[in-house]
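A closer look at the structure
Now for the letters of each chain:
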Amino acid sequence: QYLKESVRATTAMSLWPLIMSRTDEIYCVAEDMLEIFKEVITKVVLSCGLSKTDLQLAPTLKDPIRIHEKSINDYLRDFDDWDDGFVIPESCVIDVLRGRVM
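Below or above, wherever it landed, is the structure these notes cover. Since the model is a prediction, treat every value here as computed from it, not as a measurement.

**Notes on helix α3 (residues 64-75)**
Given a rise of 1.5 Å per residue, twelve residues ought to cover 16 Å, and the 16 Å separating the end C-alpha atoms of α3 matches this to within 8%. For α3, the set of buried residues is Pro64, Ile67, His68, Lys70, Ser71, Ile72 and Tyr75. Sitting at the amino-terminal end of α3 is aspartate 63, which places a side-chain oxygen 2.8 Å from the backbone nitrogen of isoleucine 65.

Here's what the structure looks like:
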C-alpha cells in the first residue's frame, strides 16, 4: 500500500512532508543519544587498545532523504506484515549515528 501511495508523490515538494513525518522521531532520538553514543563508542575503541584518533565519527546524522530511500530499498519487502500505523521501514535503519575505526 505504501508504494502505491508514494508513486503519486513523486516531486520533491510532495515527498518532503512524507519523509519528514517518517523520520522526525528518529532524529529526536538520535539527537538525544548522540553524546551517549560518542562516549560509549570511544570507550569501546579504547578498551580494544586503540586510540581516540583511530575513531572517526560521521560529522552529521544520516540525511532524512537517505534514511527514507534506504528503508524503501532495503527493508520494505523484508516483512509481509508492514503496517504504517504500527511499524514503518524507516525504523529498521540503524546507522543514523555512525562512525568507523581506522
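**What about the side chain of lysine 62?**
In this fold, lysine 62 is placed in the loop between β1 (55-57) and α3. A relative accessible area of 8% means that lysine 62 is categorised as buried. At 3.3 Å, the side chain of lysine 62 and the side chain of aspartate 95 are in polar contact. Residues in contact with lysine 62, not counting those within four places in the same chain, are Tyr27, Ile67, Lys70, Val93, Asp95, Val96 and Arg98.

**What to know about the pattern of salt bridges**
The full count for this structure, using the stated rule, is six salt bridges. Between glutamate 39 and lysine 43 there is a salt bridge, and its shortest N-O distance comes to 3.4 Å. Linking glutamate 39 with lysine 43, this pair stays in helix α2 (residues 12-47), spanning four residues, or about one helical turn. Relative accessible area serves as the criterion here: at 47%, glutamate 39 is assigned to the partly exposed category. When the shortest N-O distance is used, the salt bridge between aspartate 95 and lysine 70 registers 3.1 Å. Here aspartate 95, found in the loop between α3 and β2 (99-101), pairs with lysine 70, found in helix α3; they are 25 residues apart in sequence, far enough to count as distant.

Rules behind the numbers
- Residues numbered from 1 in each chain as written.
- Predicted model: local features only at pLDDT ≥ 70, side-chain atom pairs only at ≥ 80, totals over all residues.
- Heavy atoms only, no water.
- Helix = DSSP H or I, 4+ residues; strand = E, 2+ residues; numbered from the N terminus.
- Expected span 1.5 Å × (residues − 1).
- Buried < 20%, exposed > 50% of the residue type's maximum accessible area, 1.4 Å probe, protein only.
- Polar contact = N/O pair within 3.5 Å; in protein donor to acceptor, adjacent residues only side chain to side chain.
- Contact = heavy atoms within 4.5 Å.
- Salt bridge = Lys/Arg side-chain N within 4 Å of Asp/Glu carboxyl O.

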